[in-house]
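Overview (structure and organization)
Residues per chain, in single letters:
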There are 2 protein chains.
Amino acid sequence: MSRDSRLSDVLHILLHMAYERAPVTSEAMARSLNTNSVVVRRIMAGLRDRGYVRSEKGHGGGWVLSRDLSEITLLDIYLALGSPALVSFGRRSEAPDCLVEQAVNSNLDKTLQEAQLLMMTRFGEITLAKLHADVQAGIADRRHLAKLEAAHGSTS
Amino acid sequence: MSRDSRLSDVLHILLHMAYERAPVTSEAMARSLNTNSVVVRRIMAGLRDRGYVRSEKGHGGGWVLSRDLSEITLLDIYLALGSPALVSFGRRSEAPDCLVEQAVNSNLDKTLQEAQLLMMTRFGEITLAKLHADVQAGIADRRHLAKLEAAHGSTS
DNA sequence: CATCATGTAATAGTATAAGTTACATGAGTA
DNA sequence: TACTCATGTAACTTATACTATTACATGATG
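Let us look at the structure shown here.

Below, the discussion takes up the overall build of chain A. When you go through chain A residue by residue, the secondary structure sums to 6 helices and 2 strands. Its helices and strands taken in sequence order, chain A reads α-α-α-β-β-α-α-α from the N to the C terminus. Its C-alpha radius of gyration of 21 Å places chain A more than 25% over the 15 Å reference for a compact globule of 156 residues. Overall size of chain A, expressed as C-alpha extent along the three principal axes, is 70 × 50 × 30 Å. Taking as baseline every contact in chain A between residues at least 6 positions apart, the subset at least 24 positions apart corresponds to 64%. Both charge centroids of chain A, one from 19 positive and one from 18 negative side chains, sit 5 Å from each other.

This is the structure in structure tokens:
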């Protein structure tokens, strides 16, 4: 649909980290996202600066979560990424003299800000622990499905 | 803030058209937007196809509104533009096997769709007539201000 | 001290919107 | 009919933001 996969990427990474006890390297993360390790380090930099993760150099180095999953919301992560634009449309000019443009801008801005506020509010309500629980539920579903298939010898 | 000013541009154009009885040329519209006439014709094409405006060639040609301002909503215009993306973030991959990515995607998608729905709903509630009324209110304000300034000889 | 991993700057690739040029088509006018 | 104006569009260039890669410095481990 749209661009900017950083939020999605970081979440993917953090949840995978939650399943590892040892530090995870940027290289490993990059592989699971089909991208480059520098991209990973770049989007992780903000999280490191805010203390959500730690990074260690050298042998056995890599990234480690430094907070519990329940203490980090998607909003925290969004902010750590530098609050990139959430809405795709905007205005052509900033402070126009034209009254028509002023009316258009103020109406569009209102909707834009409402949508932005909604997204940030939702982000603030979702913790990494919630995502983790969703993954666990998915695993349970898969196991259940596998058992059914084994019992009935069907793959349809 | 962000890119894609097409919605803002079209609204600007349509409202200016509402103040003219004669057809308005792409050239004139482009001037008031500080852009090129081809850009104008490009974004107007969808509106023409949906019957919101008519375009006439030759001498005295140009663009004319073919509906009342109260019969066109911002949603109509958004759809006529081809429903461009409203939200800037998205996912890296579409149908991942990874359960983690599935959980991330479904949570992000939910918020994304909620925001998209909100924006489209708001767009559906705003008619061009509403924007026109806002412009009129702005003009009234300006007149009022001008009178005050003339009376008191102040420009602060 | 060799190796591994992060940190980061610099550069290139990609996608989409915006801007421009060029030319065809149709409508009015002398 | 010939001329001019304005739209209709394709093709190309520019601008911008994210993504990807290369290169090299820094620090930690064995």
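This brings us to the protein's contact with DNA strand C. Ser 26 and Arg 48 of chain A together with Ser 5, Thr 35 and Arg 42 of chain B are the nearest of the 26 residues found near DNA strand C. Across the atoms of DNA strand C situated within 4 Å of the protein, the share located in sugar and phosphate is 60%. Contacts to DNA strand C include Arg 48 of chain A, whose side-chain N or O atom sits 2.7 Å from a phosphate oxygen. Take Arg 92 of chain A: an N or O atom from its side chain is 3.1 Å from a phosphate oxygen of DNA strand C.

On to the side chain of Thr 73 of chain B. With respect to the secondary-structure elements, Thr 73 of chain B resides in the loop between strand 2 (62–65) and helix 4 (74–80). With sequence-adjacent residues up to four places away left out, Thr 73 of chain B is seen in contact with Phe 123, Gly 124, Ile 126 and Thr 127 of chain B.

Moving on: the pairing of strand 2 (residues 62–65) of chain A. All names here are of chain A. Here strand 1 (residues 53–56) pairs with strand 2 via 4 bridges, running antiparallel. Residue pairing across strands places Glu 56 opposite Gly 62, the latter belonging to strand 2. If you look at the hairpin formed by strand 1 and strand 2, you'll find 5 residues sitting between the two strands, and Gly 58 has a positive phi there, around 75°.

For the rest of this paragraph, the subject is the packing of helix 1 (residues 6–18) of chain B against helix 2 (residues 26–33) of chain B. All names here are of chain B. Remark: helix 1 packs on helix 2, axes separated minimally by 10 Å, with the N-to-C direction vectors making an angle of 120°. Considering their axes alone, helix 1 and helix 2 lie oblique with respect to each other. Considering only the axes of helix 1 and helix 2, their crossing is right-handed. Contacts between helix 1 and helix 2 involve Asp 9, His 12, Ile 13, His 16 and Met 17 on the former and, on the latter, Met 29, Ser 32 and Leu 33.

Within soluble globular proteins, side chains that are nonpolar generally end up buried alongside one another. Judged by nonpolar contacts, the single largest core of 86 residues is most densely connected at Leu 14, Met 17, Met 44 and Ile 77 of chain A together with Leu 14, Met 17 and Ile 77 of chain B. When residues no more than four places from it in sequence are discounted, the contact partners of Leu 14 of chain A are Met 44, Leu 47, Val 53, Leu 65, Ile 77 and Leu 128 of chain A.

With 53 residues of chain B at the interface, the matching set in chain A holds 54 residues. Interface area for chain B against chain A, summed over the two sides, is near 4,800 Å², with a carbon-plus-sulfur share of 61%. Counting the surface chain B buries against chain A, the share from its top three residues, Ser 88, Arg 92 and Leu 99 of chain B, is 14%. Linking chain B to chain A there are 4 salt bridges. Between Asp 9 of chain A and Arg 92 of chain B there is a salt bridge, with its nearest N and O atoms 2.6 Å apart. The interface formed by chain B and chain A holds 21 residue pairs in polar contact (both at pLDDT 80 or more) in total. Of all the secondary structure elements, the ones that give two or more residues to the side of chain B that touches chain A are helix 1, helix 5 (99–125) and helix 6 (128–152) of chain B.

Once that is clear, we can look at the protein's contact with DNA strand D. If you check the shell around DNA strand D, you find 26 residues, and the closest are Ser 5, Thr 35 and Arg 42 of chain A together with Ser 26 and Arg 48 of chain B. Near-protein atoms of DNA strand D (within 4 Å) split between backbone and bases, with sugar and phosphate holding 63%. In the environment of DNA strand D, a phosphate oxygen lies 3.5 Å from a nitrogen or oxygen atom belonging to the side chain of Asn 36 of chain A. Measuring from a phosphate oxygen of DNA strand D, one finds a side-chain N or O atom of Trp 63 of chain B at 3.3 Å.

All names here are of chain A. Of note, Ser 26 is situated in helix 2 (residues 26–33). Judged by relative accessible area, which is 7%, Ser 26 ranks as buried. Separated by 3.0 Å, the side chains of Ser 26 and Trp 63 make a polar contact. Every residue in contact with Ser 26, bar those within four places of it in the chain, is listed here: Ser 37, Val 40, Arg 41 and Trp 63.

A few words now on unusual backbone geometry. All names here are of chain A. Located in the positive-phi region is Asn 34, a residue other than glycine, with phi close to 60°. Among the structural elements, Asn 34 can be located in the loop between helix 2 and helix 3 (37–49). For Asn 34, a relative accessible area of 70% gives the class exposed.

What counts and what doesn't
Residues numbered from 1 in each chain as written. Chains lettered and ligands numbered in written order. Predicted model: local features only at pLDDT ≥ 70, side-chain atom pairs only at ≥ 80, totals over all residues. Heavy atoms only, no water. Helix = DSSP H or I, 4+ residues; strand = E, 2+ residues; numbered from the N terminus. Rg over C-alpha atoms; globule rule 2.2 N^0.38 Å. Contact = heavy atoms within 4.5 Å. Lys, Arg positive; Asp, Glu negative; His and termini not counted. Charge placed at Lys NZ, Arg CZ, Asp CG, Glu CD. Near = heavy atom within 4 Å. Polar contact = N/O pair within 3.5 Å; in protein donor to acceptor, adjacent residues only side chain to side chain. Pairing = 2+ DSSP bridges. Axes fitted to C-alpha atoms, helices over the stretch in contact; angles between N-to-C directions. Parallel < 35°, antiparallel > 145°, perpendicular 65-115°, else oblique. Left-handed = near helix turned anticlockwise from the far one by under 90°. Core = buried A, V, L, I, M, F, W, Y, C linked by side-chain atoms within 4.5 Å. Buried < 20%, exposed > 50% of the residue type's maximum accessible area, 1.4 Å probe, protein only. Buried area = accessible area lost by both parts, 1.4 Å probe. Salt bridge = Lys/Arg side-chain N within 4 Å of Asp/Glu carboxyl O.

Just distances and angles here, no functional claims.
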